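# Architecture and fold: a report
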Amino acid sequence: MYEKTKYLLAGDKALDIEFGNSISEEINSKIRSMTVAIETQNVLGVIEAVPTYRSLMIHYDPLKTDFNKLKDTLKTLEENLDNIDLPEPEVIEIPTLYGGDYGPDIENVAKHNNMSVDEVIKIHTSEEYLIYMLGFTPGFPYLGGMDTKIATPRLQSPRTKIPGGSVGIAGEQTGIYPIDSPGGWQLIGRTPLDLFDPKREIPILLKAGNYIAFKSINETEYIEIKNAMNNGTYEYKKYPRKNWGDDNGTN
Amino acid sequence: MGQIKIINPGFLTTVQDLGRYGYQQYGVSVSGVMDQLSAKLANILVGNNEGEGLLEVTMMGPQIEFKSSILIAITGANMQPVINGNTINMNKSIIVNPGDKLSFKGLKNGCRSYIAFAGGIDVPIVMGSKSTFLRGKLGGFEGRALKAGDTLNIGQPSTSLYLLEGKETNENFYDMNNKTVELRVVLGPQDDAFTQKGLETFLSNEYHVTPNCDRMGYTLDGEKIEHKDKADIISDGISMGAIQVPSKGNPIIMMADRQTTGGYTKIGNVITSDLSKVAQAKPGDKIIFKKSSLQEAHALIKEIENKFEQIKFELSKQVKIEVLRTKKFNVRVNGNIYDVKVDEIK
């Protein structure tokens, strides 16, 4: 994290508040506080704030605010971040059917790391992953915290179409493709959940600063959940993060 | 409510408005029209709110059959519009009748035209906008570009078409015939990732638009821009007009359908008032970047806003009214007597 936060020009309608130049939970926690501060303060002229790994992009309307005025307001907010009550992060459970047609590359991942498919599933489902940011396509989460024991390089040639809901591994990262898209990740499973549904009141399920946890399910459960999704009767499982507070923003 | 039928969609015709805001933190692109100045002008000419949904037409115009009487206006690139074979004016509001067919003879200048309809295009508002986000298959008409056979509904105009008909403006925000486009740039947020030589290269050379240009971004070719060290950064936000420079050293201008975040260094941002010039550039056109200041950029945004107010005022005086009969009254208010004239119009 920088000693002094940088306020950078990103054209005449946006500015970047840059907190550091690395991917760390400490920086991410600060970004989260700043996002909450801006949302609750309703800063004049701010159109929206976009949190990323190490910065917060503020899109603003120059007809409603002046750059220096905006910068001063944001700096004051930044100085008072300690007074911001962060809501407890939630963990969202992602039921996932591993292997087979749903995760055609899981054997590559097992072979690459000299372990069984069951071990890959056990390791992948034992972590809670921090959502650092969303980007690339609607609802695509950039996650942290994967166990390097199951790290596997990307496919040599990317697939032209990956079905929405696919769960994959690329290097030391894991993630979920919310909608059909091309991509080069090793696919290990698929979730029946709709991470993105424009007809829903809140179209995107995931939010930066929250966590996700994968839960292994069988094909019968997959079909049941898929049907419940289609009927609009599925209830997403969310719970507060265990031990939150012990390691909040310090590691 | 009016209706139009797409006989032939042209190269790429989509429904757009001024964009979808509030969802960039979830990875949803803003989208919206590429050339905001032309789009606002088209809507103003037909009496709409300037952010109303309209058609954005790229390179090759569509063929459209009108199913009812509708008021339209076409702005932006001149693709030589004709109705039933007769040439019509650009930048002018025109009434079309059931059975009339609009087509285009071919692109004369620019790259994108805008067709506005009095009352707007009646498509569902998805996440606050009528814009089509093609990669996300979201918004607009069924989340996609228009196809032959599509029928679109047109909303209820704000007032009688006859009161709005024939409004015309000669206002040109810039000359679309120019093959060399000067773009003013505010440097940052990663201008410090480039060598002094790299910055000078960027600001003193001519670049050209490659065929790799679309609603997402414009890839340019020309003198390689030198980085100090790495071309990749840990992903951060991308605003409209951001100029990314990947390790190859060629600039890419990010446009309406840009992704919300990205991992290439950004040397600067095209200022808002020059973004329409990018939207109207096409493969082969030359681009020169010129350094600008935030103060200049903001002053130009205000200047354009004032220009639109001026245009609206001038158009409001162009009302063509056919007076059927006039009646005169004496009206007494607080002891004063006023002569009042009432025109009954068609």
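To keep things clear, this report deals only with the structure shown in the data block. (Residues numbered from 1 in each chain as written. Chains lettered and ligands numbered in written order. Predicted model: local features only at pLDDT ≥ 70, side-chain atom pairs only at ≥ 80, totals over all residues. Heavy atoms only, no water.)

### What about the sheet that holds strand S3 (residues 46–51) of chain A?
All names here are of chain A. For the record, the criterion: When DSSP finds two or more bridges between a pair of strands, those strands are recorded as paired. The way it works is that DSSP assigns letters per residue, a run of H or I at least four long becomes a helix, a run of E at least two long becomes a strand, and they are numbered from the N terminus. To obtain each axis, a line is fitted to C-alpha atoms, and for helices this fit is confined to the stretch in contact; angles are then taken between N-to-C directions over 0 to 180 degrees. Here a residue-residue contact requires only that any non-hydrogen atoms of the pair lie within 4.5 Å.
Spatial strand order, S1-S2-S4-S3: four strands in an open sheet with antiparallel pairing. Edge strands, defined here as strands with exactly one partner in the open sheet, are strand S1 (6–9) and S3. Along the sheet, successive strands turn relative to each other by an average axial angle of 20°, direction set aside. Bridge count for strand S2 (residues 14–18) against strand S4 (residues 55–60) is five bridges, and the pairing is antiparallel. Within S4, the residue paired with Leu-15 across the bridge is Ile-58. Here helix H1 (residues 25–41) sits on the sheet in contact with S1, S2, S3 and S4, set at roughly 25° to S4.

### Let's talk about the pattern of salt bridges
Proximity of charged atoms lets side chains of opposite charge pair with each other. Filter applied, for reference: Salt bridge, as applied in this entry: a Lys or Arg side-chain nitrogen positioned within 4 Å of an Asp or Glu carboxyl oxygen. Three exposure classes are used, based on accessible area relative to the maximum for each residue type with a 1.4 Å probe and protein chains only: buried under 20%, partly exposed in between, and exposed over 50%.
Per the counting criterion, the structure on display carries 23 salt bridges over all chains. A salt bridge links A:Arg54 to A:Glu18; its shortest N-O distance comes to 3.4 Å. Here A:Arg54, found in the loop between S3 and S4, pairs with A:Glu18, found in strand S2; they are 36 residues apart in sequence, far enough to count as distant. Of the two residues, A:Arg54 and A:Glu18, neither departs from the other in class, the shared state being buried. Put simply, B:Asp274 and B:Lys277 hold a salt bridge, and the shortest N to O gap is 3.3 Å. When sorted by exposure, B:Asp274 lands in the same class as B:Lys277, which is buried. Each of A:Glu18, A:Arg54, B:Asp236 and B:Lys266 takes part in one network of salt bridges that share partners.

### Here's the deal with the nonpolar core
A general tendency of soluble globular proteins is for nonpolar side chains to be buried together. We count it as follows: As used in this record, nonpolar core signifies buried Ala, Val, Leu, Ile, Met, Phe, Trp, Tyr and Cys residues forming a set joined through side-chain atoms within 4.5 Å.
Judged by nonpolar contacts, the single largest core of 52 residues is most densely connected at B:Tyr218, B:Ile253 and B:Phe289. Among the elements that take part in this core, helix H1 (residues 36–45) of chain B stands out by supplying six residues, more than any other. Ignoring any residue separated from it by four or fewer positions in sequence, one finds B:Phe289 in contact with B:Leu183, B:Val185, B:Phe202, B:Leu203, B:Tyr207, B:Leu220, B:Ile243, B:Pro251 and B:Ile253. Formed by 45 residues, the second largest nonpolar core is a distinct cluster that contains A:Leu97, A:Ile106, A:Val120 and B:Met127.

### Overview of the state of the cysteines
Working definition of a disulfide: a covalent bond connecting the sulfur atoms of two cysteines. All names here are of chain B. Spelled out, the test is: Whenever a pair of cysteine sulfur atoms sits within 2.5 Å, that pair is classed as a disulfide.
Taken as a whole, this structure holds zero disulfides over all chains when the rule is applied. For Cys-111, which is in no disulfide, the shortest distance to another cysteine sulfur is to Cys-213 and amounts to 6.4 Å. The class of Cys-111 is buried, set by a relative accessible area of 3%.

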